[in-house]
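# Examining the three-dimensional arrangement
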Amino acid sequence: MVKYWQQWQFAVSNDEAFTMPDGEENPFMDNGYQLVGEADAWMQALQNMIDLEVDPVILSVSGLQVGKMKVRIAPLDKNGEPGPFDGDREDLDPFVEDPVELKNTEIQFQVTIPKVTLEVDIKDGGKPKFRDTWIRYRVNDRDIDEDWTETEHDQGCVIEPKYGHSKNFKKIVDDDIFKLLTKGKITFQVWGKLTDEVMK
């Protein structure tokens, strides 16, 4: 280990890439998934069962902006279908004037992530810092029994990863969900692996 450390230090001080002998894993690289950052989407529009489309920034654990994303949270009708609710579908419009009308009823909505843009490292020639990225979230963070919803992985090393994520949810509006709709948010966690360039 000491020998590899000395070789690594020599390579870094001479601005060279450190490579391990064939078949051995580099002990100085973190190949695991890391939390890139988090973005919040507030739920208040859903208390009246109307569409919400926001562009929250993705903040790292140190509070730095590491990207931005587009999130859409849209109400569904009682058949689980999206709007628009006009013409012969007007009767299916889930809109409510007063959020209290939702208490003890079942609501349905869809969470979609149309676009994510990750920051690049200008000092490293504008290359992305992360590869193999994905997103996870829970609608109700207070419910520790709720499973995480995870997007597909984008295996590439790109500025705008493609997840193609859209998921429908059904919730009974108990006190917890009512509080979420009126004062809560969904926190989206972006995860990924450091690119080889960042790890060198």
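So, a few notes on the structure that sits alongside this text. (Residues numbered from 1 in each chain as written. Predicted model: local features only at pLDDT ≥ 70, side-chain atom pairs only at ≥ 80, totals over all residues. Heavy atoms only, no water.)

## Considerations on the packing of aromatic side chains
Threshold: Under the pairing criterion, centres of Phe, Tyr and Trp rings, with the six-membered ring standing for Trp, must be within 6.5 Å; the plane angle then separates stacked pairs below 30 degrees from edge-to-face pairs above 60, leaving the rest tilted. To qualify as a helix, a DSSP run of H or I must reach at least 4 residues; to qualify as a strand, a run of E must reach at least 2; elements of each kind are numbered from the N terminus. Burial classes follow relative accessibility: with a 1.4 Å probe on protein chains only, a residue under 20% of its type's maximum area counts as buried, one over 50% as exposed, and anything between as partly exposed. By definition here, charges over rings are those cases where NZ of Lys or CZ of Arg is within 6 Å of the ring centre and within 35 degrees of the ring normal.
A complete count under the given rule lists 5 aromatic pairs for this structure. Ring centres 5.6 Å apart and planes at 20° place the aromatic pair phenylalanine 109 and phenylalanine 169 in the stacked group. On the criterion of sequence distance, the pair formed by phenylalanine 109 in strand β5 (residues 106–118) and phenylalanine 169 in strand β10 (residues 165–172) is long-range, its members being 60 residues apart. Exposure class is identical for phenylalanine 109 and phenylalanine 169. Each is buried. Aromatic ring contacts, followed pair by pair, group Phe109, Tyr137, Phe169 and Phe188 into a single cluster. Directly above the aromatic system of tryptophan 148 lies the positively charged group of arginine 138, at a separation of 4.3 Å from the ring centroid. In this structure, lysine 193 is placed above the aromatic ring of tyrosine 33, and the distance from its NZ or CZ to the ring centre is 4.7 Å.

## Focus: the pattern of salt bridges
The condition that has to hold: For this analysis, a salt bridge means a side-chain nitrogen from Lys or Arg found within 4 Å of a carboxyl oxygen belonging to Asp or Glu.
One pass over the full model with this rule turns up 11 salt bridges. Here aspartate 40 makes a salt bridge to lysine 185, at a shortest N to O gap of 3.2 Å. One end of the pair, aspartate 40, is in strand β1 (residues 34–42); the other, lysine 185, is in strand β11 (residues 185–194), and 145 residues separate them in sequence. Aspartate 40 gets classed as partly exposed once you look at its relative accessible area, which sits at 29%. Given the relative accessible area of 30%, lysine 185 is considered partly exposed. Through salt bridges with shared partners, one network takes in Asp51, Glu53, Asp55, Lys70 and Arg72.

## As for the environment of aspartate 91
Following the sequence through the fold, aspartate 91 ends up in the loop between β4 (65–76) and β5. In sequence terms aspartate 91 and aspartate 77 are 14 residues apart; their C-alpha atoms lie 9.5 Å from each other.

## Describing the environment of threonine 117
So the rule is basically this: By the convention used here, residues are in contact when the closest approach between their heavy atoms is within 4.5 Å.
Along the polypeptide, threonine 117 turns up in strand β5. When near neighbours in sequence (up to four residues on either side) are disregarded, threonine 117 contacts Val66, Gly67, Lys68, Ile159 and Glu160.

## Examining a negative patch on the surface
For the record, the criterion: Every patch collects residues that have over 30% relative accessible area and no salt bridge, joining them within 9 Å if they carry like charges and within 5 Å if they are nonpolar side chains (Val, Leu, Ile, Met, Phe, Trp, Tyr). Computed by Shrake-Rupley with a 1.4 Å probe, the accessible areas treat only the displayed protein chains as cover when residues are assessed. Charged residues are defined here as Lys and Arg on the positive side and Asp and Glu on the negative side; His and the ends of the chain fall outside this count. The atoms used to mark charge sites are NZ of Lys, CZ of Arg, CG of Asp and CD of Glu.
A cluster of acidic residues, Asp86, Asp88, Glu90, Asp91 and Asp93, forms a negative patch on the protein surface. Along the chain, aspartate 93 turns up in the loop between β4 and β5.

## Topic: the nonpolar core
The following threshold applies: Here the nonpolar core consists of buried residues drawn from Ala, Val, Leu, Ile, Met, Phe, Trp, Tyr and Cys, with membership extended through side-chain atoms lying within 4.5 Å.
Ranked by size, the top nonpolar core spans 36 residues in total, and within it Met69, Ile73 and Phe188 carry the most contacts. When residues in this core are grouped by element, the largest group, 6 residues, is from β5. If sequence neighbours within four positions are ignored, phenylalanine 188 has contacts with Gly37, Glu38, Ala39, Ala41, Met69, Val71, Val111, Ile113, Ile135, Arg136 and Tyr137.

## Concerning unusual backbone geometry
Along the chain, glycine 83 connects to proline 84 via a cis peptide bond; the corresponding omega equals 10°. Within the element layout of this structure, proline 84 appears in the loop between β4 and β5. Phi at methionine 49 is positive, roughly 60°, even though this residue is not glycine. Locating methionine 49 in the fold gives a position in the loop between β1 and β2 (52–54).

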